[in-house]
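Listed here are the chains, written in short residue letters.
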Amino acid sequence: MQICNGVRRAGATVVVLWAAQTMAATASASAVELPSPEAQVQMLQLLEARALYRDRVDWAGVRATLAAATDDAGRRQLLDDAATRSTGGHGRWIPPSLQRQRSGRAQRLKAGQDAASPMPWQADARVGVLQVSPFLDDPQAGEQARYDARRTYALALQHRIVALDDGTRCGWVVDLSGNGGGNMWPMLLGLLPLLQGTPDKEGAVIGGFRSAEGQRPWRQRDGEVLDGANSRLRSRQAAYALRGGPAPVAVMFGPRTASSGEAVALAFRGQPGSRSFGQPSAGYSTGNQPVPLVDGSMLLLTVNVMTDRQGQGDGRQLQPDQPTAPGASGLQAAQDWLLAQPACSGR
């Protein structure tokens, strides 16, 4: 799925949450979008062989029922149900019309919002607050244009950190409460100044993907984020270090935090001096891979589970360390915790 592409090579895992699309059954079966017969075969083969929860589906039964279906609405419902059950609701079939809609949405987001916007809440001057927006790839853009857009987002987010890091900040709030997903790699690259890890020659581990093949770490090193040994995004300008050294980070999330938003929250989980606040997340902490089908449509295939840097993760909702109400009261709780930390005490 080079829709949420944080990648430069075919077949790499990326993470995205597509908004659920409801197909209303109409009197005219021709109004229902459906994969071609060849794409239906391909789709079921991929789901049966590789979907994370493929054992939840009776694939022989699905094929038999599909062969007996007499209308397109019924066929579409069968295919959607098979995709939903085998991916835990995170994967789905993406018709060309929805790809075009996503392209338009990605362009509107790019034109209309910053990577991190000032919060509509008056924070203490000692606390830097980042409201991290989702990043969406434009599936109709070329590969280089998509990569450049990811890097532009990451640098805009990091420049916001640089602007706030004026010598007065002793702690940071990373607000993911409205981050519904997209591409995780620009978000992680932009937040590198706040992400800490124990470095080695390959970089510091900040999270990972777990599948039947084992654990594949997410790593960070100067100006670069990696998926296993593969670089996902880098920029020489993205190697900024906080003026005062590592600082405590409060991470906010809730029911609208999904997919790549959950990946970012996991990257901070277990980091010394980090604590999460809010409500349980949406529960799509799994990794998706976009697979083009023979008819030009696409299958969003869920293939692994996201984990934190200790390898812990179950693909379900993330639970905050400190449950709080949404909005300003939750942010106030996060700020109170930050100001009680040694880095802020006495300042």
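Participant: Sorry if this is basic, but what is going on with the overall build of the protein here?
Facilitator: The helix and strand tally for the protein stands at eight helices and 13 strands. The burial tally for the protein puts 54% of its 347 residues in the buried class. Sequence-distant contacts, at least 24 apart, represent 76% of the contacts inside the protein between residues at least 6 apart. Here the protein displays about 14700 Å² of accessible surface, and carbon together with sulfur accounts for 50% of that area.

Participant: When you look at the confidence of the model for the protein in this model, what are you seeing that I'm missing?
Facilitator: As a note on interpretation, predicted positions should not be read in detail where pLDDT is low. Per-residue pLDDT for the protein has a mean of 87; in total, 85% of the residues score no lower than 70. The model gives residues 1-30 a pLDDT under 50, and that stretch makes 106 contacts with residues more than four places away or in other chains.

Participant: Sorry if this is basic, but what is going on with the nonpolar core here?
Facilitator: Nonpolar side chains tend to gather and get buried jointly when the protein is soluble and globular. Core analysis: the biggest nonpolar cluster contains 42 residues, and Trp-172, Leu-188, Leu-191, Leu-194, Trp-218 and Phe-268 have the highest contact counts within it. Considering every element that reaches this core, the biggest residue donor is helix H5 (residues 143-164), with eight residues. Filtering out sequence-adjacent residues up to four positions away, Trp-172 remains in contact with Gly-128, Leu-130, Ile-161, Leu-164, Asp-165, Leu-194, Leu-242, Ala-247, Pro-248, Val-249, Ala-250 and Leu-338. If you look at the next biggest cluster of nonpolar residues, it comprises 19 residues, including Met-43, Leu-44, Ala-51 and Val-57.

Participant: So what exactly am I meant to see when it comes to H5 here?
Facilitator: Note on helix geometry: an α-helix contains 3.6 residues per turn, so any two residues three or four positions apart are oriented the same way. Between the first and last C-alpha of H5 there are 32 Å, a value that for 22 residues agrees with the 32 Å anticipated at 1.5 Å per step. Listed as buried for H5 are Arg-146, Tyr-147, Ala-149, Arg-150, Tyr-153, Ala-154, Leu-155, Leu-157, Gln-158, Ile-161 and Leu-164.

Participant: Mind showing me how you'd approach the state of the cysteines here?
Facilitator: A covalent bond between the sulfur atoms of two cysteines is referred to as a disulfide. One pass over the structure, following the stated rule, counts one disulfide. The side chain of Cys-170 participates in a disulfide bridge whose partner is Cys-344; the two sulfur atoms lie 2.0 Å from each other. Taking the sign of the S-S torsion, 110° for the link of Cys-170 and Cys-344, the bridge is right-handed. Of this pair, Cys-170 sits in the loop between H5 and strand S4 (171-175) while Cys-344 is found in the segment after helix H8 (328-339), placing the two residues 174 residues apart along the sequence. Residue Cys-170 shares its accessibility class with Cys-344, and that shared class is buried.

Participant: Looking at this model, I keep getting lost on unusual backbone geometry. Mind explaining?
Facilitator: With the exception of glycine, most residues fall at negative phi, and the peptide bonds are largely trans. Here Ser-259, not a glycine, exhibits a phi torsion of approximately 55°, which is positive. Turning to its location among the elements, Ser-259 is positioned in the loop between strand S9 (249-253) and helix H7 (260-268).

Participant: Can you help me understand the pattern of salt bridges in this one?
Facilitator: Two side chains that carry opposite charge are able to pair once their charged atoms sit near each other. Counted by the stated rule, this structure contains 14 salt bridges. As a salt-bridge pair, Asp-137 and Arg-150 come within 3.0 Å of each other at their nearest N and O atoms. Of this pair, Asp-137 sits in the loop between strand S3 (127-132) and H5 while Arg-150 is found in helix H5, placing the two residues 13 residues apart along the sequence. Take Asp-137 and Arg-150: they sit in the same class, and that class is buried. With a closest N to O distance of 3.8 Å, Glu-224 and Arg-234 form a salt bridge.

Participant: Whenever I open this one, the packing of aromatic side chains confuses me. Can you help?
Facilitator: Both the distance between ring centres and the angle between the ring planes are used here to describe each pair of aromatic rings. Applying the stated criterion across every chain, the model contains four aromatic pairs. When the ring of Trp-185 is compared with that of Trp-218, the centres are 6.5 Å apart and the planes differ by 85°; the resulting orientation is edge-to-face. Residue Trp-185 is found in helix H6 (residues 184-190), and its partner Trp-218 is found in strand S6 (residues 214-221); the two are separated by 33 residues along the sequence. According to the relative accessible area criterion, Trp-185 is buried, its value standing at 1%. Where Phe-209 meets Trp-218, the ring centres are 5.4 Å apart and the plane angle is 75°; that geometry is what we call edge-to-face. Trp-218 matches Phe-209 in its accessibility class, with the two residues each being buried. Across from the ring centre of Tyr-53, 3.9 Å away, lies the NZ or CZ of Arg-56, which sits over that ring.

Participant: Is there a simple way to explain the environment of Arg-151 in this structure?
Facilitator: Relative to the helices and strands, Arg-151 is located in helix H5. Since its relative accessible area comes to 26%, Arg-151 is described here as partly exposed. Taking the C-alpha atoms as reference, Arg-151 lies 7.1 Å from Leu-233; in sequence the two are 82 residues apart. Setting aside its immediate chain neighbours within four residues, Arg-151 contacts Leu-233, Arg-234 and Ser-235.

Participant: Can you help me understand the packing of helix H2 (residues 59-68) against helix H3 (residues 72-87) in this one?
Facilitator: Think of two packed helices as two axes; the pair is described by the angle between the axes and how far apart they sit. Between H2 and H3, whose axes approach to 10 Å, the crossing angle comes to 165°. On the basis of their axis angle, the class for H2 and H3 is roughly antiparallel. By crossing handedness, the relation of H2 to H3 is classed as left-handed. On H3, the residues touching Trp-59, Val-62, Thr-65 and Leu-66 of H2 are Arg-75, Leu-78, Leu-79, Ala-82, Arg-85 and Ser-86. Per-class residue counts for the contact of H2 with H3 are six nonpolar, two polar and two charged.

The rules behind the values
Residues numbered from 1 in each chain as written. Predicted model: local features only at pLDDT ≥ 70, side-chain atom pairs only at ≥ 80, totals over all residues. Heavy atoms only, no water. Helix = DSSP H or I, 4+ residues; strand = E, 2+ residues; numbered from the N terminus. Buried < 20%, exposed > 50% of the residue type's maximum accessible area, 1.4 Å probe, protein only. Contact = heavy atoms within 4.5 Å. Areas by Shrake-Rupley, 256 points an atom, 1.4 Å probe, with all protein chains shown as cover. pLDDT = per-residue confidence, 0-100. Core = buried A, V, L, I, M, F, W, Y, C linked by side-chain atoms within 4.5 Å. Expected span 1.5 Å × (residues − 1). Disulfide = S-S within 2.5 Å. Salt bridge = Lys/Arg side-chain N within 4 Å of Asp/Glu carboxyl O. Phe/Tyr/Trp six-rings, centres within 6.5 Å; stacked < 30°, edge-to-face > 60°. Lys NZ or Arg CZ within 6 Å of the ring centre and 35° of its normal. Axes fitted to C-alpha atoms, helices over the stretch in contact; angles between N-to-C directions. Parallel < 35°, antiparallel > 145°, perpendicular 65-115°, else oblique. Left-handed = near helix turned anticlockwise from the far one by under 90°. Nonpolar A, V, L, I, M, F, W, Y, C, P; charged D, E, K, R; others polar.

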